[in-house]
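Geometric and topological summary
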Amino acid sequence: MRRRDFIVLAGGWAVLWPMALRAQQASKSYRLGYLALAGDLDAVIVKQRLNELGYSEGKNLIFDFRSAEGEHARLPRLAAALVETNPDVIVTGFGTETAKAAQAATRSIPIVFTSVGDPIGAGIVKSLSRPGANITGLSSQTVEISSKRLQILEELAPGTRIIATILSPDFPFTAVALPQLRTAAEERGQRLEICEVQTADQLAASVEAAVKAGATGLTVLETPTLHGLRRQIVDLAAKFRLSAIYTNRDFVDAGGLMSYAADRRQQYRRAAELVDKILKGEKPADIAVEQPTKFDLIINLRTAKALGLTLSPGLLSIADEVIE
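We now turn to the structure provided with this report. (Residues numbered from 1 in each chain as written. Predicted model: local features only at pLDDT ≥ 70, side-chain atom pairs only at ≥ 80, totals over all residues. Heavy atoms only, no water.)

A short note on the overall build of the chain
- Within the chain one finds 13 helices and 12 strands.
- Overall size of the chain, expressed as C-alpha extent along the three principal axes, is 95 × 45 × 35 Å.
- Looking at the chain as a whole, 52% of its 324 residues are labelled buried.
- In the chain, of all internal contacts separated by at least 6 residues, the share reaching a separation of at least 24 is 69%.
- Approximately 15,300 Å² of the chain is accessible, and the part contributed by carbon and sulfur atoms is 52%. (Helix = DSSP H or I, 4+ residues; strand = E, 2+ residues; numbered from the N terminus. Buried < 20%, exposed > 50% of the residue type's maximum accessible area, 1.4 Å probe, protein only. Contact = heavy atoms within 4.5 Å. Areas by Shrake-Rupley, 256 points an atom, 1.4 Å probe, with all protein chains shown as cover.)

Structural notes on the pattern of salt bridges
- All told, the structure shown has 19 salt bridges when counted by the stated rule.
- For Glu273, the salt bridge is made with Arg49, and the minimal N-O distance between the two is 3.0 Å. With Glu273 in helix 11 (residues 264-279) and Arg49 in helix 2 (residues 41-52), this residue pair connects regions lying 224 residues apart in the sequence.
- For Arg49, a relative accessible area of 16% corresponds to the buried category. (Salt bridge = Lys/Arg side-chain N within 4 Å of Asp/Glu carboxyl O.)

Describing helix 6 (residues 172-187)
- Here helix 6 is 16 residues long and its end C-alpha atoms lie 24 Å apart, about the 22 Å a rise of 1.5 Å per residue gives.
- For helix 6, the principal kink sits at Leu178 and spans about 25 degrees; a proline, Pro179, occurs within the next four residues.
- Residues of helix 6 that are buried: Phe173, Thr174, Val176, Ala177, Leu178, Leu181, Ala184 and Ala185.
- Against helix 4 (96-105), helix 5 (146-156), strand 6 (162-167), strand 7 (191-196) and strand 8 (217-220) lie the buried residues of helix 6. (Expected span 1.5 Å × (residues − 1). Bend = angle between axes of the 7 residues up to and from the residue.)

It is worth stressing that arrangement in space is one thing and function is another; only the former is reported here.
In structure tokens:
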């Protein structure tokens with residue numbers, strides 16, 4: 001072979017090799033396991049974002065969705081079943097329990113959690129900057145903004161001193177969040193009336209008891225169980241004329257008074273982007289746990305009027321959205 005022919009041939013390979021590599025990567029199929037306590041809305045959002053990033057079911061993605069249908073005891077078994085399928089990544093849906101169940105099931109398969117209130121306090125990661133091991137994800141930073149929510153609640157309903165606090169006692173997040181919420185309330189001269197709710201049947205009685213104890217405000221230490229009861233909670237707040245602030249705009253869309261929170265939809269989309277990073281070779285241990293930097297204040301003006309509340313111009317001016 002003449003030297004000129006060799007140079008041309010080698011140059012051709014130099015052009016074709018990256019194209020062949022890209023074609024090989026595009027043809028590779030990935031398996032994603034998704035573990036949820038209840039509902040599939042968050043999984044749908046993650047899947048939509050993955051599709052935008054080039055991952056499509058039936059082509060290069062197997063999306064294995066498993067839900068405990070609200071039964072906490074099923075999570076470990078479902079997590080173990082996902083591990084047996086040997087997925088490339090496991091994504092855990094809303095809540096601390098799903099992340100802990102996946103973490104207990106595997107120390108090698110990468111895990112991305114979508115919404116954990118306090119991942120350090122819950123023992124899921126060592127630090128936010130370097131989570132370590134095989135797990136990373138997004139913190140909803142719910143604990144850190146508790147005081148701000150109480151401040152907004154009092155601005156909207158001056159004189160709110162006793163606040164009904166709906167919580168699910170058996171959730172890991174509750175154990176972390178409640179002491180900090182108590183501290184925030186005490187610093188503001190407020191008191192919490194605890195409404196422990198493990199089933200829907202307990203909800204009405206617990207809120208009524210708090211009202212009899214003098215509660216005029218309401219907040220929720222949100223868990224997947226309580227998110228599923230959001231319409232009942234909003235209806236009870238209206239029935240007892242409680243000024244309420246929530247940790248998720250879904251409550252406001254259901255008729256609740258207001259929420260102060262990060263955009264959870266964007267969190268799920270970002271979780272899909274973390275999955276993409278891992279599938280392209282990054283290690284979860286080296287991907288910092290991300291926290292929201294923007295929190296939206298959403299106010300339902302119709303509900304405020306029904307409660308006889310007058311919104312100050314100052315509060316309206318800082319609201320990110322006012323539903324009229």
